[in-house]
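Read off the chains here:
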Amino acid sequence: MTYTEQKEREHRFALALRMGLPIFFLSSVTLFALFSQPYASVSSLIILSIVLLGITVYFIFFLIYQSSRENITDSITHTFTTDYFFNLVKKGLSKNTQTIIMISVENLWSINERYGIKNGDKSLQSTVKKIDRFFREKGFDKLPIGRYKGGDFLLFLSGEKEQYLPLVELFLSKYQNHLSHEIEIRLEAVIIDSRLSNEIDLLISRLYELHNDRKSIEKEEYYSINELEDEIVEALNKKRLSIGFRPVYGDESEIYDTSVKLIDSQGRFIHQSRYVPVLNRLNKMRMLEGEVLEKTAALCDEQNRNFVLTVSPVTLRSPHFFENAVTLFERYPNARHKITLLFEEKEYCHQLERFEHQINHYRQAGYKIGLDRLGGYHTTLLYLKELKVDIVRFDPLYSRNIKRTGYQNIIQGLNLSAHLCGAKTWMSMIEEEEADRLSFSLNINYRQGNYLGKILSEEQLQGKV
């Protein structure tokens, strides 16, 4: 029996006592008062019994109703509900530093799809038992586990996260990929502590940011989550940003891919993995991408320099961004046909006809359109056959494995498909000579990476340094 199940039984027992004792006490007092009177009659006893029966029925129904309202565990996994778990965390946060671990069943959707909902529930139950057993073996007998949503479980421990990092790594090494009743279960885990914030909602949001970008570098924890959000908003409002330009070599001369970092009040860089989730949450991403577009357009001059800007698909579909992008050429006429708007999207846009019209309007206005993550996201290939685009960039997975024959065969197929659809191809993250030679031999139009050229600042791009 897990700790959460024990707490549930204790809670149920306490609730039953709280509801049942008043009925017993009322009945005892009433019967005592009745039989202690010398003139008590049968009729008065019947009336009193009916009254007691009505009161008892009322309390029974009240007990049932109150029991459902005071449920503290999830009915499937028998872990704490979100509300009860959050209350526990809030009490702990008021005392000292607390650590929250999120362990997720990554493939829950595919389990439900393939094996059915019941087997998906069994997989969740199996996961909870493994979590509880593992931590019990490590000395944590009373481990609060809460189910947040889907296959995401939250663990709550006292202390800073550094003391629990080895435990999390050991747990993943043992259970990250395992079988339960011949069903493959894949687990992932992220960890955070309350030194970043004392607000549970912000901590959970940060856990999901780490979960979605596990490669993010944890060197930028200069601020708490609240302070970081303030720094990002201030940097955006004061337009403190740094644009890096990485040269791309291929069919045309002087193409530069751009990357953006915000600058905090201390002059330190805020990486994309930190500011993008915050700006998305605050619905301010379009403001940043509009500012980057403005700065890039200002760099376009009589020279034949072309720039690639990465924008979110939501921004690309925004009528406000489109209006600003079109009027931009009135202020910077040299920027026309020199800026490529590159986007990636995991989920397929179902209003494809409308999106296609928007893409065509961008191209008619003087922009080029690019698709990212070819071979990585299936949506990129779907968009390639539906939308008129100028360039597609391969997923970095292919550049890292370009020496392998199987990957080369896939690259050739995707490369030919892109060319037949009228788009040029681009391979990034080329780190050595052999990878560059292979990219060239596979007829990829553009190549980019540290081997070919380092990232440049705006001053270096303009020849001022």
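In what follows, the accompanying structure is described. Here the structure is a predicted model, which is why all the values come from computation and not from measurement.

Reading the values: rules and limits
Along each chain, residues carry numbers from 1 onward, in the same order as the chain's sequence is written. In view of the model being predicted, local features appear only for residues whose pLDDT reaches at least 70, and side-chain atom pairs are presented and counted only at 80 or more, with totals across whole chains, interfaces and linings using the full set of residues. Based on all heavy atoms of the structure, the side-chain values leave hydrogens and waters out of the count. Strands here mean DSSP runs of E at least two residues long; helices mean DSSP runs of H or I at least four residues long; both are numbered from the N terminus. Each accessible area value is a Shrake-Rupley result obtained with a 1.4 Å probe; residue values ignore everything except the protein chains displayed when judging cover. Two rings belonging to Phe, Tyr or Trp (six-membered ring only in the last case) form a pair when the distance between their centres is within 6.5 Å. Interplanar angles under 30 degrees mark stacking, angles over 60 mark edge-to-face geometry, and anything in between is tilted. Note on exposure labels: buried denotes an accessible area under 20% of the residue type's maximum, exposed denotes more than 50%, and partly exposed covers the range between, all computed with a 1.4 Å probe on protein chains only. Whether a charge sits over a ring comes down to the Lys NZ or Arg CZ being within 6 Å of the ring centre and within 35 degrees of the ring normal. Grouping buried Ala, Val, Leu, Ile, Met, Phe, Trp, Tyr and Cys residues that are joined through side-chain atoms within 4.5 Å yields what is termed a nonpolar core. Working rule for contacts: check all heavy atoms of both residues, and any pair within 4.5 Å makes them a contact. To get an axis, fit a line to the C-alpha atoms, keeping to the stretch in contact for a helix; angles then go from 0 to 180 degrees between the N-to-C directions. The cut-offs work like this: below 35 degrees is roughly parallel, past 145 is roughly antiparallel, 65 to 115 is roughly perpendicular, and the gaps in between are oblique. When residues are sorted by character, Ala, Val, Leu, Ile, Met, Phe, Trp, Tyr, Cys and Pro go into the nonpolar class, Asp, Glu, Lys and Arg into the charged class, and all the rest, Gly among them, into the polar class.

## Some points on the overall build of the protein chain
Reasoning step 1: Tallying secondary structure elements over the protein chain gives 18 helices and 14 strands in all.
Reasoning step 2: Of the roughly 24900 Å² that the protein chain leaves accessible, carbon and sulfur atoms contribute 54%.

## Considerations on the packing of aromatic side chains
Reasoning step 1: By the definition in use, this model includes 20 aromatic pairs.
Reasoning step 2: A centroid spacing of 5.3 Å and a plane angle of 80° characterise the contact between Phe 134 and Phe 135, whose relative ring orientation is edge-to-face. Residue Phe 134 shares its accessibility class with Phe 135, and that shared class is buried.
Reasoning step 3: Taken together, the ring pairs in this structure connect Phe 134, Phe 135, Phe 140, Tyr 164, Phe 171 and Tyr 175 into an aromatic cluster.
Reasoning step 4: Directly above the aromatic system of Tyr 208 lies the positively charged group of Lys 149, at a separation of 4.9 Å from the ring centroid.
Reasoning step 5: The ring of Phe 355 carries the charged tip of Arg 317 above its face, separated from the ring centre by 4.7 Å.

## Quick word on the nonpolar core
Reasoning step 1: Ranked by internal contacts, the top residues of the largest apolar core, which has 63 residues, are Tyr 275, Leu 288, Leu 293, Ile 339, Leu 341, Phe 343 and Tyr 367.
Reasoning step 2: Excluding residues within four positions of it along the chain, Leu 293 makes contact with Leu 309, Phe 321, Ala 325, Leu 328, Ile 339, Leu 341 and Tyr 367.
Reasoning step 3: Listed in part, the 26 residues of the second largest apolar core include Leu 143, Leu 167, Phe 171 and Ile 191.

## Notes on the packing of helix H8 (residues 225-237) against helix H9 (residues 272-281)
Reasoning step 1: With their axes 10 Å apart at the nearest point, H8 and H9 run at an angle of 85° to one another. The orientation of H8 with respect to H9, classified from their angle, is roughly perpendicular. Note on element contacts: H9 touches H8 through Arg 274, Tyr 275, Val 278, Leu 279 and Arg 281, opposite Leu 228, Glu 229, Ile 232 and Leu 236.
Reasoning step 2: Within the contact of H8 with H9, the residues separate by chemical class into six nonpolar, no polar and three charged.

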